[in-house]
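# Descriptive analysis of the structure
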Amino acid sequence: MLDDNQDGRIDILINGLDSLQRRVSLVYHGKGKFKFDLDKTSLKTLALDSLLLDSLTTDSLAMDAVAADSLAFSNVAVGDYDHDGHTDVLLTGTGNDKKTHSTLFFRRKTGFQTAKLPLVPLHSGSAFLADLDNDGRTDILLTGLNEKDSVIHQLYRNYKDDSVRVVKLPFVANKYISTTLGDFTGDGNLDILQTGISTDSTLKDTVSTQLYRNTTLEKNNGAVAPAYSDSTYVVTIGDRATFFWTSGWDDTTSTAALTYDVYIRTVGTGKLQKAPEANEITSFRWVVAHGSQGQTSTCIVEGLPEGDFDWDIIAVDNAFQSGRPVYTPGEGTGVVKARRFKVCDNVVRRDTAICVKSNLTLTSAEPVIWFSSEQGILTKTKEKALKDYHVTEADTIYAVYSLENKCTEGFYMVVTAAPPPKFSLGNDTIVCPNVPATFDAGAGWKKVQWYVQGKGMVQSSATLTHSFSDAALVWAEVTNGTGCVVSDTIKVDVYELPKLALTEVSFLEGESVTLEATGGATYQWSPATGLSDPNSANPVASPEVSTTYYLTIITSNGCESKDTIKVTVNKIIPNIFIPSLFTPNSDGQNDKFLIYGAGFLQLSLQVYDRSGSLVYETNDVKAALSQGWDGQVNGNPQPNGTYLWTIKGSFTDGSEVQYKGKKSGIINLMR
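What you see is a predicted model; the values in this text were computed from it and never measured. (Residues numbered from 1 in each chain as written. Predicted model: local features only at pLDDT ≥ 70, side-chain atom pairs only at ≥ 80, totals over all residues. Heavy atoms only, no water.)

## Some points on the confidence of the model for the protein
With 84% of its residues at a pLDDT of 70 or more, the protein shows a mean pLDDT of 82. Across residues 41–72 the pLDDT falls below 50, and counting only partners more than four positions away or on other chains, this stretch makes 93 contacts in the model. Predicted confidence is poor over residues 328–337, with pLDDT under 50, and the contacts of this stretch with residues over four places away or in other chains come to 19 contacts. (pLDDT = per-residue confidence, 0-100. Contact = heavy atoms within 4.5 Å.)

So this is what it looks like as structure tokens:
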């Protein structure tokens, strides 16, 4: 047992096998009234110990003792090896890897850390953390069997430079060894008592009981108990007393490594409510061990009856030696009056409800000591306010006004830790870009605050309406009537809109162009004038005048995308030119008789030979302008000579087609 987390309550270290035969090393932190919380440690788990766990619970410990031969496989010792004020743990035995181990674990704020010491791996023996040479530093004594089952008796002396010196001890027992420590000679030195079986040179076994006297010359005077001061006092709340004291002193052991015992005696009857582990007058230790309160400077005792009590503190050094208490029980000549306190209950009750995992601030008209049923002392000095008390469970908070031999005058507050309400914004969602989207936190909240990633708090109401151009996180922080604050976050993605990128187009009047758009479920072009189909993705545009068209696309997700395109219609000035010669000799130059010009609405062309026979005719504007006559009739080249052409038609401005005021003329064919 030890006070591992130094909260004034006894904790339990268990090393052994669980119900599934798994090797475990566990620390249970005491919560009062025999309730314990399991603390996850990094201790290497070893083989069978004196306790076998039938079940591991956080409310209580259910333990079954195993057969005696199970006790030989591993051992546990506790003490402050490095003098930092925390209890370290020494474990020996067989581990999950089937190998033998001897390991010292330093207790740090965040857990246990393996010490790098050259300890011989042992099992089936004894392990001790104690000051055997009276230099104040904790030594290590190991006895047992190594991996080859050879007997090892070894002392590791802890020197001031943190070095370790190994001393092989001349012990005779080599079977069924049991070792213990104690000041058997009353000289202040820890002696070693060992029992077992010793085997002589003839292989004869003899029962052996040997006392090895420690002849260290350095004198150990025992630790001096803490002196009376304003920092040594008792806080009583109902039947619970919490004791506080300053550090003791020792001529060898460092102050941080001292351990303590507390005893309580009823005034008048002398009945012990908490027994000391040493003689109050001679300081002789009845229990050869560190003080039951460890290195802590506080202790909690519950279940005390109403009345007056004396109490005192005994300091214990690393050699397990105690000095006489500074104050002794009783009154009279030459005897100092003991520390005294009173147990009674006259406090006023105030209650509150707050959400679990939130902070509570309490205030008092006068400076008080603040105390928690679940967390112990909260302030060691008198304060008017208790700020940021973190509520993790139902608790009772006490405000203590007076501390010296009087009934506690104050108040207490029952804190109800309300569970956080269920709150959800639902699943992640996806919205149309730059279109207002609405989110609802639901009804019944006292306060709702909405946050958008990159913009902070954007709205304080039950609903949020917001437009998104890019994906973002959205979260709501809601508060209910008991002050519980919970939140939920969703991711809001944004649909990708089709990339229209319509570009301006132009053409000559009378022509047309196809407009092109993609990515939509529906299309709407406006105005509809000059379009073949205003609801088509690719309408043909042939406006008579330049027009700007507006396109609205609705995607399959219901998102809207818009774009514009300007269609420019270039006006044509009517003109015409008719050549007088063409040379159809297939040289690629002037091989056809063509009409040149623009702005034709209608045009027909006829060509006659000198006999008046029609050799070529077309009523198509494009044919007259681009194909013309190639100088052949039915595939037969016509002879060189003079031919007659005639034209008929109109321009886009309504005027009649004529060339130099005539509708006929001569064309010369020359090959």
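On we go.
## Quick word on the environment of P420
For P420, the position within the fold is in the loop between β29 (410–418) and β30 (429–431). Along the sequence, P420 and C484 sit 64 residues apart, while their C-alpha atoms lie 5.9 Å from each other. Excluding anything up to four places from it in sequence, P420 contacts C355, V356, C484 and V486. (Helix = DSSP H or I, 4+ residues; strand = E, 2+ residues; numbered from the N terminus.)

## Re the sheet that holds strand β22 (residues 307–316)
With antiparallel pairing, four strands are arranged side by side in an open sheet as β20-β19-β22-β23. Looking at strand neighbours, the two that pair on one side only are β20 (272–274) and β23 (339–343), the edges of this open sheet. Recorded for the sheet is a direction-independent mean angle of 35° between the axes of neighbouring strands. (Pairing = 2+ DSSP bridges. Axes fitted to C-alpha atoms, helices over the stretch in contact; angles between N-to-C directions.)

## A short note on a nonpolar patch on the surface
Judged by side-chain polarity, F284, W286 and V287 come together as a nonpolar surface patch covering roughly 320 Å² of accessible area. Relative to the helices and strands, W286 is located in the loop between β20 and β21 (298–301). (Patch = residues over 30% accessible without salt bridge, like charges linked within 9 Å, V, L, I, M, F, W, Y side chains within 5 Å. Areas by Shrake-Rupley, 256 points an atom, 1.4 Å probe, with all protein chains shown as cover. Salt bridge = Lys/Arg side-chain N within 4 Å of Asp/Glu carboxyl O.)

## So, the sheet that holds strand β15 (residues 191–199)
Judged by pairing direction, the sheet is antiparallel, and its three strands sit side by side in the order β14-β15-β16 without closing on themselves. Each edge of the open sheet carries a strand with a single partner, namely β14 (175–182) and β16 (205–212). Sheet twist, expressed as the mean angle between neighbouring strand axes with direction ignored, is 10°. Sheet topology places β14 next to β15; six bridges connect them, and they run antiparallel. Residue T179 lies in a different strand from β15, and its bridge partner there is Q194.

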